[in-house]
Every structure is written in structure tokens, then in C-alpha cells.
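Structure at a glance
The primary structure of each chain is shown beneath.
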Amino acid sequence: MGTKDLKRIAIERIKKAGYEYAKYKYENWIEEYCQNDDDEESYYKDSIDSNGHPFENFFIDQISEESYHNYCDGDRLL
């Protein structure tokens, strides 16, 4: 297996993991962010639609922020 094949496989696995992470966060938004939120001024207070899913802007902002802190900020040791 060549370098190009390994790179392609790695990229596919990273994408799949990202999609699975985002799907989990989307489907569990209330439990993850809203369930224990008693603060009237909370950012998450108005984040869900009538189906209990996050509005697009809240979802994108949260996933982007978490992804940055988890993978890009340099504070974590791998």
C-alpha cells in the first residue's frame, strides 16, 4: 500500500469520525447542553427548534468551537 493510499484512508477515517461526532451532538443536543441549564441568560436557552434539535447557527458555532479546542489549540498533548 502506497503513501497516497494511506493518506486517502486516513482522510476517509477522519471525515467519518467527524460526521459521527457531529451526528451524536445533533441528536443529543438537549442532553448535552440544555438539560441542566437553569440560567435564564444562557446561550443555549433558545437554541432548539420545536423538534428538540439545535438551530443551524447554534450547532455550527458549538461544533466549530469544540473542534478547535479539542484538536487545534495546541494545549492538548497527544
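Here the structure is shown first, and the text comes after it.
Residues numbered from 1 in each chain as written. Predicted model: local features only at pLDDT ≥ 70, side-chain atom pairs only at ≥ 80, totals over all residues. Heavy atoms only, no water.

Some words on the overall build of the chain
Put simply, the rule is: Under the scheme used here, helices are H or I runs from DSSP no shorter than 4 residues and strands are E runs no shorter than 2 residues, and both carry numbers assigned from the N terminus. Buried residues are those whose accessible area, probed at 1.4 Å on protein chains only, stays under 20% of the maximum for their type, while exposed residues exceed 50% and partly exposed ones sit between those limits. In what follows, residue pairs with any heavy atoms lying within 4.5 Å of each other are defined as contacts. Areas reported here follow the Shrake-Rupley algorithm with a probe of radius 1.4 Å; residue values treat only the protein chains shown as occluding.
Along its length, the chain carries three helices and zero strands. For the chain, the α and β elements follow one another from N to C terminus as α-α-α. Here the chain, with 78 residues, has 19% of them falling under the buried criterion. Put simply, 38% of the contacts in the chain that link residues at least 6 apart link residues at least 24 apart. Looking at the chain as shown, the accessible area adds up to about 6700 Å², and 52% of this sits on carbon and sulfur atoms.

A look at the nonpolar core
The condition that has to hold: Among the buried residues, those of types Ala, Val, Leu, Ile, Met, Phe, Trp, Tyr and Cys that are joined through side-chain atoms within 4.5 Å form a nonpolar core.
Formed by Ala22, Trp29, Tyr33, Cys34, Tyr44, Phe58, Phe59 and Ile63, the largest nonpolar core amounts to eight residues. If near-sequence neighbours (up to four positions away) are discounted, Ala22 is found in contact with Phe59 and Ile63.

A short note on the packing of aromatic side chains
As a reminder, the rule being used: A pair of aromatic rings is counted whenever rings of Phe, Tyr or Trp (Trp by its six-membered ring) have centres within 6.5 Å, and the orientation is called stacked for planes under 30 degrees apart, edge-to-face for over 60 and tilted otherwise.
Throughout the structure, instances matching the rule amount to three aromatic pairs. Ring geometry for Trp29 and Tyr33: centres 4.5 Å apart, planes at 50°, overall tilted. Of this pair, Trp29 and Tyr33 both sit in helix α2 (residues 29–34), four residues apart, roughly one helical turn. The same class applies to Trp29 and to Tyr33, which are both buried.

Let's talk about the pattern of salt bridges
Under the convention used in this document: Only one rule defines a salt bridge in this text: a Lys or Arg side-chain nitrogen within 4 Å of an Asp or Glu carboxyl oxygen.
Across all of its chains, the model carries four salt bridges by this definition. Across the pair Lys25 and Glu66 runs a salt bridge, and its minimum N-O distance is 3.4 Å. Within this pair, whereas Lys25 is found in helix α1 (residues 3–27), its partner Glu66 is found in helix α3 (residues 56–72), the two being separated by 41 residues in sequence. Where salt bridges share partners, they join Lys25, Glu32 and Glu66 into one cluster.

As for α3
Filter applied, for reference: Expected helix span is computed as 1.5 Å times (number of residues minus one). The arc in question is formed by the directions pointing from the helix axis toward the C-beta atoms.
Taking 1.5 Å per residue, 17 residues should reach 24 Å; α3 reaches 22 Å between its end C-alpha atoms and fits that length. Looking at α3, one finds that the buried residues are Phe58, Phe59, Gln62, Ile63 and Glu66. Looking straight down α3, one finds its buried side chains confined to an arc of 115°; they lie on one side. Turned more than 90 degrees off the buried face of α3, the exposed positions are Glu56, Tyr71 and Cys72.

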